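Architecture at a glance
As a plain string of letters, each chain reads:
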Amino acid sequence: MARRSSHPFDVLAERFARVFADRVIAALPAPGRGSRDGAPSKLRGLKRDMRCRFPGCKNRSKGPRFRFLCEQHLKLPKKEQDAVLAKWSEKNA
């Protein structure tokens, strides 16, 4: 291990480096908050429109996995569902 210099300039530079490193570490986000890799989630605080996409339906949909349709309208034939979703996306695009 190298011997430390006692020159005033070296001591000042080392102290400055230590203070700078402490401030940089304090400014960085703490790991463990948010997702697994430490980055905050982009979807946090995002409110999805969970209404059923069928015109005039006031029911809550079952979410994106079920094409944003409620249980009642999921029973429709696939062609009708596609037509309803296409119409909704044109209106809300």
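The coordinates are above.
A brief report on the enclosed structure follows. (Residues numbered from 1 in each chain as written. Predicted model: local features only at pLDDT ≥ 70, side-chain atom pairs only at ≥ 80, totals over all residues. Heavy atoms only, no water.)

Moving on, we get to the overall build of the protein chain. Along its length, the protein chain carries three helices and zero strands. When the helices and strands of the protein chain are placed in sequence order, the string is α-α-α. With 93 residues in all, the protein chain has 14% of them scored as buried. For the protein chain, the share of sequence-separated contacts (at least 6 apart) that also reach a separation of at least 24 residues comes to 11%. Carbon together with sulfur atoms contributes 57% to the accessible area of the protein chain, which is approximately 8800 Å² in total. (Helix = DSSP H or I, 4+ residues; strand = E, 2+ residues; numbered from the N terminus. Buried < 20%, exposed > 50% of the residue type's maximum accessible area, 1.4 Å probe, protein only. Contact = heavy atoms within 4.5 Å. Areas by Shrake-Rupley, 256 points an atom, 1.4 Å probe, with all protein chains shown as cover.)

A separate point is the environment of C70. Mapping C70 onto the fold places it in the loop between α1 (8–27) and α2 (71–74). In this structure, the C-alpha to C-alpha distance between C70 and R53, residues 17 residues apart in sequence, is 8.2 Å.

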